[in-house]
Amino acid sequence: MDPIKYFTFSMIISILGIRGILLNRRNIPIMSMPIESMLLAVNSNFLVFSVSSDDMMGQSFASLVPTVAAAESAIGLAIFVITFRVRGTIAVESINSIQG
C-alpha cells in the first residue's frame, strides 16, 4: 500500500474545503458543506495512518468522526432554522449584526 496517494487525495479534499469556505461567504448552509469535506479528509487520514502503522486507534477515531459530523450538522441546522424564523434570512451579512 502506497500511503502517499491517499495523503495526496486527503490534502486535495482539505484544500478544496478551505477554498470553499473562503470563496463562499454568503450562505451559511453552503459554508457548512466544505467543513464536512474537511472532516472527510481528516477521516481518510486517520484510516491511512491506521492501516500503514498497523494500529487500531486510527480506525476507532475514524468511527467517531461521523458521529461528531452528525452532531455538528444537527446543531447547525437547528441554529439555521431558529435564525430563519427570527430574521427571515440566513445570509451571512444579516448574521453579522447579531453581535451582543
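All figures in this text were calculated on a predicted structure; none of them were measured in a lab.

1. Some remarks on the overall build of the chain
Along the chain, the regular secondary structure elements total four helices and zero strands. The helix and strand sequence of the chain, counted from the amino end, reads α-α-α-α. Relative to a compact globule of 100 residues, whose C-alpha radius of gyration would be 13 Å, the chain shows 17 Å and is clearly more extended. For the chain, the spread of C-alpha atoms along the principal axes amounts to about 50 × 25 × 20 Å. Every one of the 100 residues in the chain was classed for burial, and the buried ones make up 20%. The long-range share in the chain, meaning contacts at least 24 apart out of those at least 6 apart in sequence, stands at 53%. Of the accessible surface of the chain, which amounts to about 7100 Å², a share of 70% is contributed by carbon and sulfur atoms. For the chain, the separation between the mean place of its 6 positive charges and that of its 6 negative charges on side chains is 18 Å.

2. Examining the environment of Q59
Inspection of the secondary structure assignment puts Q59 in helix 3 (residues 57-87). As for Q59 and N43, which are separated by 16 residues in sequence, their C-alpha atoms are 8.8 Å apart. In this view, Q59 contacts L47, S50 and V51; residues no more than four positions away in its chain are not counted.

3. Quick look at the UniProt feature "transmembrane region" (unreviewed entry) in the chain
In this structure's numbering, the residues bearing the UniProt feature "transmembrane region" (unreviewed entry) are residues 6-23, 35-52 and 64-84. Split by type, residues 6-23 is 100% helix and 0% strand. Its first and last C-alpha atoms lie 26 Å apart. This span, residues 35-52, is 100% helix and 0% strand, and a straight line between its end C-alpha atoms measures 26 Å.

Reading guide: rules and limits
- Think of each chain on its own: its residues are numbered from 1, step by step along the sequence as written.
- Totals for whole chains, interfaces and linings use every residue, but because this is a predicted model, local features are given only for residues with pLDDT of at least 70 and side-chain atom pairs only at 80 or more, for both listing and counting.
- Side-chain measures here rest on the full set of heavy atoms in the structure, leaving out hydrogens and waters.
- Secondary structure elements follow DSSP: runs of H or I of four or more residues count as helices, runs of E of two or more count as strands, with numbering from the N terminus.
- The globule rule used for comparison is 2.2 Å times the number of residues to the exponent 0.38, while the radius of gyration itself is calculated over C-alpha atoms.
- Here the term buried applies to any residue with accessible area under 20% of the maximum for its type, exposed to any over 50%, and partly exposed to those in between, with areas from a 1.4 Å probe on protein chains only.
- We call two residues in contact whenever any of their non-hydrogen atoms come within 4.5 Å of each other.
- Working definition of accessibility: Shrake-Rupley area with a 1.4 Å probe, residue cover restricted to the visible protein chains.
- Charge assignment: positive for Lys and Arg, negative for Asp and Glu; neither His nor the chain ends contribute.
- A single reference atom marks each charge: NZ on Lys, CZ on Arg, CG on Asp, CD on Glu.
- UniProt positions are given in the numbering used here, feature names are shortened, and annotations may be inferred rather than shown by experiment.

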